[in-house]
Structures are given as C-alpha cells and as structure tokens.
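These are the residues of each chain, in order.
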Amino acid sequence: MSDVKAVLGSYSTDIIKTIEEELSTITPNNLCEASLYLTKAGGKMLRPALTLITSEAIGGSSENALKSAAAIELIHTFSLIHDDIMDDDDMRRGMPSVHKVWGEDVAILAGDTLFSKAFEIIMSSNQQTNTPNQINQTLATLADACVKICEGQAFDMSFEDRFDVSEDEYMAMIFKKTGALIAAATKAGAIIGGASSEVIDAMYEYGRLIGLAFQIQDDYLDLVSDEETLGKPIGSDIAKGKMTIIAINGLANCDNSDRLLEILKDSNNSQDDVLEAIGILNDCGSIEYARNLAQENVMKAKQVLEILPDSSSKQTLADIANFVLERHS
C-alpha cells in the first residue's frame, strides 16, 4: 500500500503545480485562497493520478493529460466544498472546512469557480498534442460526471429518514456520487492517450468498479476501523441513521432487524447502542457481505485491465485497485 501512496505522491507534484498556475489569476485574494485551500491541504490525488496513469497505460503521455487531470481534481474539490456546506461538516483533510474559514457565501463561490475553471482548463489544452475531438470528448465526459455527482447527492439526501432503501438504489447512488468521477478520470486518460473506443469504454468500467469498491470500503471501515485512524467515532454512519450497504443488508437479513431499525431511527442513540448495532450486523454477516462485495468489484476491475498491453502503468492500475481495499481511512 505504501508503494501506491508513493506513486500517487510522485504524480501529485505536477498536478498541484498545474492547479496552482491555473488558479493564480483568480481575484479577489480571498476567493483565490478559498479555491486553493483544499489543494494545499493535501489529499491522495487519486482521481487525477488515475487520469495520468491511464494515459500512460494506453501508450500516451502523462504530460499531455495534465490539464485533464487537473480539471478532474478541481471537480472533485468543488464537490467536497459544496458537500461540506450541505452536511455542515466542520473538518476536511484534518483542517477546518472552507465554509468554516471563509463563510458559506465565499465557499459557494469558490466551488463554483473551481467548477468553471475545470472546463476552462480542458479547453485551453494544447491542440498540437490534444486533438479537438479528444478535447470535446473529455469535456463531454466531465460534464456527464458533474451531472451524475449532483444526481448522486440528491439521491443520497432523499435517502435521509428512509429505511426502505434497496441495495439496487444504494448502488446506483454511490456510483453517481462517488464512482462517476473516478470513472471519468480513467476515461479521460484513455481519451487523451489516444485509445480506441473499446478501450475507452473498458477504462470507464474499470473506474466505475473501483469507485463502487471505494465507497463500500468506506462503509466497511466505519464499523471495523478505529477512531484514531478514521478521524471520527466508530459507527458514525449508524449514529446518523445512514443507510449504507451494510445497514441495508442487515435490515433485510438479520434476525434482530427490529432492534437494528430501532437504533438507526434513534437520533439520540448512545455509543453502547451503536456498538450493539455493530454486533448485530457482524453476527448476521452483513459486515462481511460488504467486504466481499468490495473485493468482488476490485476483482472485476482488474479483469477489465486485461484489455491493456503489459506495462508498469497497467500494473500500477492493478495496484491501485488493491489499494482501494487495503487502505484504512
């Protein structure tokens, strides 16, 4: 896992430099600072790195894909800023959220600025190395992902106070909210790398599958990790009454599902209640079910990679798929 983190870190330098150059002209200063804040706060840079690595795996150049990668990261950051406002989350990447530092009005503007800049960056790509068709395809890919992110967030909000969410509904929601941008990142890399339509579609599927696994692993870690590693109390999803894949499976299959539902519905549940719910979910196999589902998606993602010629970049994509499961936060 440390090797994957090192690889992601090696790509992040150029990505951050590109983002800082593109955002440096934003005025006034407070909007510029708010827009750059989360980039400077760090992060895995998973999505933009996937764009660069996919481009290399196709036989293209990571340098030619830099602007597309930066645009992907700006869309991700835009979504985080707006999510934090909607959820009233105080912290992000170990630091106060953008709206807690600059206020909601500036934070909304910062998100909107990043959203707009993402498309501007792609349109400013060098047409000697990126053909107009590649640029147009990348723009369409990014626009589609943005619509899906918004749809996913709306679905997620509609699940609040609903305890009859089906597994199919949940999987559709996490694809749109989490998986769509990861799929767009790998698809954009394939487009810029000059891949055939068959390979472009395959790389989108690879991104979709690891995106699903990424969110399912988050659901899993919420119940099996520790507070220090997660940076939040264990079982916080249960405490909030969130319908994760684990809760959905538990309500459908656990013998003690009535008690589980009672805990999920109680907005004032104690940590003992949360631990009781975790015990119920563990005993009926719902936690293991989620882990197995994440593993299944990662396995399928690695199978998709067989369409690519062997290379170190292809191996890195396989390692990243494994990393999605091996991470602890």
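In the annotation of an unreviewed UniProt entry, the entry for the protein reads (2E,6E)-farnesyl diphosphate synthase, and the organism field reads Methanobrevibacter oralis. The UniProt entry for the protein carries the following comment under Cofactor (unreviewed entry): "Mg(2+)". Quoted verbatim from the Sequence similarities (unreviewed entry) field of UniProt, the annotation for the protein is "Belongs to the FPP/GGPP synthase family."

## A word on the state of the cysteines
Here the structure, examined in full by the defined rule, presents one disulfide. Free of any disulfide, Cys146 has its nearest neighbouring cysteine sulfur in Cys150, separated by 7.0 Å. Overall, the relative accessible area of 5% leaves Cys146 in the buried class.

## Considering the packing of helix α3 (residues 46-58) against helix α4 (residues 66-87)
Interhelical geometry of α3 versus α4 gives an angle of 160° and a closest axis separation of 8 Å. Looking at the two axes, α3 sits roughly antiparallel to α4. Here α3 and α4 pass one another in a crossing that is right-handed. Of the residues in α4, those touching α3 at Arg47, Pro48, Thr51 and Leu52 are Leu66, Ser68, Ala69, Ile72, Glu73 and His76. Grouping the constituent residues of the contact of α3 with α4 by class yields five nonpolar, three polar and two charged.

Criteria and thresholds
Residues numbered from 1 in each chain as written. Predicted model: local features only at pLDDT ≥ 70, side-chain atom pairs only at ≥ 80, totals over all residues. Heavy atoms only, no water. UniProt positions renumbered as here; feature names shortened; annotations may be inferred. Disulfide = S-S within 2.5 Å. Buried < 20%, exposed > 50% of the residue type's maximum accessible area, 1.4 Å probe, protein only. Axes fitted to C-alpha atoms, helices over the stretch in contact; angles between N-to-C directions. Helix = DSSP H or I, 4+ residues; strand = E, 2+ residues; numbered from the N terminus. Parallel < 35°, antiparallel > 145°, perpendicular 65-115°, else oblique. Left-handed = near helix turned anticlockwise from the far one by under 90°. Contact = heavy atoms within 4.5 Å. Nonpolar A, V, L, I, M, F, W, Y, C, P; charged D, E, K, R; others polar.

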